[in-house]
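# Working through the structure, step by step
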Amino acid sequence: MFVSFFPRPKMFFWSVAIWSALCIVLWYSGGADLGAQFGLTAGEAGEVGSVTVFWSPAFVWFYIYFTVAVLLFALFWQLYAPHPWARWSILGSALILFLTYFQVQVSVALNAWYGPFYDLIQGAFAKTAVVTADQYYGQLTTVSGLLLVAIVVAVLNAFFVSHWIFRWRTAMNNYYMTHWEKLRTVEGASQRVQDDTMRFARTMEDLGIDLVRSVMILVAFLPILMNLSKHVAELPLIGPVPHALVFAAIFWSAFGTAFLALVGIRLPGLEFKNQRVEAAYRKELVYGEDNADRARPPTVSELFGNVRRNYFRLYFNYMYFNVARYLYLQVDNIFPLILLGPTVIAGVITLGIFTQINNAFDKVRESFQYLVNSWSTIVALLSVYKRLREFEMVITGEVPPPPPRPDPLEVSATA
């Protein structure tokens, strides 16, 4: 799964984590200010909440810093352990990482735009300020530029990710086909090569991007939420709490993650078993296409009965899991409003600040709820991983390959 696409996977992923952490530490411990040596002053961040922020000197310097860091990392691996898919696994992954970072920064810029725009709306409604058409439509023009950039980046990212996923599938396909003589007798071998590889690559990409996005959103919005917490003096039932919004986001997300993980603990095993009984049923039907002695009604009925029982068991487990999941998510929709109750009733914040707090809280909470939002996908990934892991154990010799299956045509002829 990994060795086909990444050079020395275990060491590679550890090096990614270490190198990323080192680059982040260097950036925040003085690297951001080095741009001034080249005329790219870090303090010149562009207009707040405007698309111009993305080509400001501060951002241009970050683009250069990120590019140099990626090229140095790629050069090391090219010299240390050359790999035929390195351009896609290293440089392609870095591009996806950058585009994800860029999308997060668009969200930050939008959050900054919310403040002055909704304060403008509040002033117009309360007639406490004179709001002109130029001011109103000027704000809409500003946000239109941000939304246009977000759309373009999202489309380009989706297009590139599609190609990246297929390259990973191609790498796995080529790897398995070089060992086909060992693998061909494994139950469901054709499905594992044809279908499971694509599902694994796509699901890993989805989960990986969501994880990276969650971390980046957390890094970007946690300081914003911490700063906005100064407007929230107390929480319902608890009273005054330092950095109240940050505390509430962490507590609520940790509770949801632990709660749903406990409720859905049986699902990965049931999904894996479901794929096995489906494969056994499908295999018998395939044999029956060429051999009249196979796929007899009693055999088919028994195999389909296994499929039926497992699906009904799966449906029951998903039923109570979904009850817990939807209950949590529905309460989650109004949780920020509950927290802001005392602050809103006291009237100590403006509509703009209220909107900024609500948006920033949602972003931070969603980041902490990565496992909650991804649990169903993780369940599906674990079942596919188990199937491919069993597959690869034959290649590595951890388990012996099954004996060759008899040719249905030969069996029919001898009969």
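Named according to an unreviewed UniProt entry, the chain is Transporter originating from Terrihabitans soli. We quote the UniProt Subcellular location (unreviewed entry) comment for the chain here in full: "Cell membrane".

With that settled, consider the pattern of salt bridges. Following the criterion strictly, the structure yields one salt bridge and no others. Linking Asp 293 and Arg 296 is a salt bridge whose minimum nitrogen-to-oxygen distance equals 3.5 Å. We classify Asp 293 as partly exposed; its relative accessible area is 45%.

What follows is about helix α2 (residues 57-80). Residues separated by three or four positions in an α-helix point in the same direction, a consequence of the helix having 3.6 residues per turn. An ideal rise of 1.5 Å per residue puts 34 Å on 24 residues; α2 measures up with 35 Å between its terminal C-alpha atoms. Within α2 the residues assigned to the buried category are Ala 58, Phe 59, Trp 61, Phe 62, Tyr 63, Tyr 65, Phe 66, Ala 69, Val 70, Phe 73, Ala 74 and Trp 77. The secondary structure elements touched by the buried residues of α2 are α1 (9-28) and α3 (86-126).

Core analysis: the biggest nonpolar cluster contains 56 residues, and Phe 54 and Phe 361 have the highest contact counts within it. When residues of this core are assigned to their parent elements, the largest contribution, 13 residues, is made by α3. If near-sequence neighbours (up to four positions away) are discounted, Phe 361 is found in contact with Leu 225, Leu 245, Ala 248, Ala 249, Phe 335, Pro 336 and Leu 339. Core analysis: the second largest hydrophobic core is formed by 36 residues, Ala 86, Phe 160, Ala 189 and Ile 209 among them.

For the rest of this paragraph, the subject is the packing of aromatic side chains. Per the counting criterion, the structure on display carries 46 aromatic pairs. Judged by centre distance (5.6 Å) and plane angle (80 degrees), the ring pair of Phe 76 and Trp 77 falls under edge-to-face. Note on Phe 76: relative accessible area 41%, which makes it partly exposed. With a relative accessible area of 1%, Trp 77 lands in the buried category. An angle of 15 degrees between the planes, with centres 5.5 Å apart, marks the rings of Trp 88 and Phe 160 as stacked. Of this pair, Trp 88 sits in helix α3 while Phe 160 is found in helix α4 (residues 133-177), placing the two residues 72 residues apart along the sequence. A relative accessible area of 18% places Phe 160 in the buried class. Among the aromatic residues, those joined into a cluster by ring pairs are Phe 2, Phe 5, Phe 6, Phe 12, Phe 13, Phe 73, Phe 76, Trp 77, Tyr 80, Trp 85, Trp 164 and Trp 168.

Take the environment of Phe 321 next. Of note, Phe 321 is situated in helix α9 (residues 297-339). What makes Phe 321 buried here is its relative accessible area of 0%. Placed 282 residues apart in sequence, Phe 321 and Gly 39 show a C-alpha to C-alpha distance of 56 Å.

On to the UniProt feature "transmembrane region" (unreviewed entry) in the chain, then. Look at the UniProt record and you will see "transmembrane region" (unreviewed entry) annotated at residues 12-30, 60-81, 88-110, 146-166, 207-225, 245-267, 334-355 and 367-385. Counted over residues 60-81, helix gives 95% and strand 0%. Its end C-alpha atoms are 32 Å apart.

If you check α9, its first and last C-alpha atoms are 61 Å apart, about what 43 residues at 1.5 Å a residue would give, namely 63 Å. At Asn 333, α9 is deflected by roughly 40 degrees, the largest bend along its length, and proline Pro 336 occurs up to four residues later in sequence.

Direction vectors running N to C along helix α7 (residues 244-263) and α9 enclose 175 degrees, while the axes themselves pass 10 Å from each other. Between α7 and α9, the angle falls in the class roughly antiparallel. Residues Ala 248, Trp 252, Ser 253, Phe 255, Gly 256, Phe 259, Leu 260 and Val 263 of α7 touch α9, and the partners they reach there are Tyr 320, Phe 321, Ala 324, Arg 325, Tyr 328, Val 331, Asp 332, Phe 335 and Leu 339. Its residues placed into classes, the contact of α7 with α9 shows 13 nonpolar, two polar and two charged.

About the cut-offs
- Residues numbered from 1 in each chain as written.
- Predicted model: local features only at pLDDT ≥ 70, side-chain atom pairs only at ≥ 80, totals over all residues.
- Heavy atoms only, no water.
- UniProt positions renumbered as here; feature names shortened; annotations may be inferred.
- Salt bridge = Lys/Arg side-chain N within 4 Å of Asp/Glu carboxyl O.
- Buried < 20%, exposed > 50% of the residue type's maximum accessible area, 1.4 Å probe, protein only.
- Helix = DSSP H or I, 4+ residues; strand = E, 2+ residues; numbered from the N terminus.
- Expected span 1.5 Å × (residues − 1).
- Contact = heavy atoms within 4.5 Å.
- Core = buried A, V, L, I, M, F, W, Y, C linked by side-chain atoms within 4.5 Å.
- Phe/Tyr/Trp six-rings, centres within 6.5 Å; stacked < 30°, edge-to-face > 60°.
- Bend = angle between axes of the 7 residues up to and from the residue.
- Axes fitted to C-alpha atoms, helices over the stretch in contact; angles between N-to-C directions.
- Parallel < 35°, antiparallel > 145°, perpendicular 65-115°, else oblique.
- Nonpolar A, V, L, I, M, F, W, Y, C, P; charged D, E, K, R; others polar.

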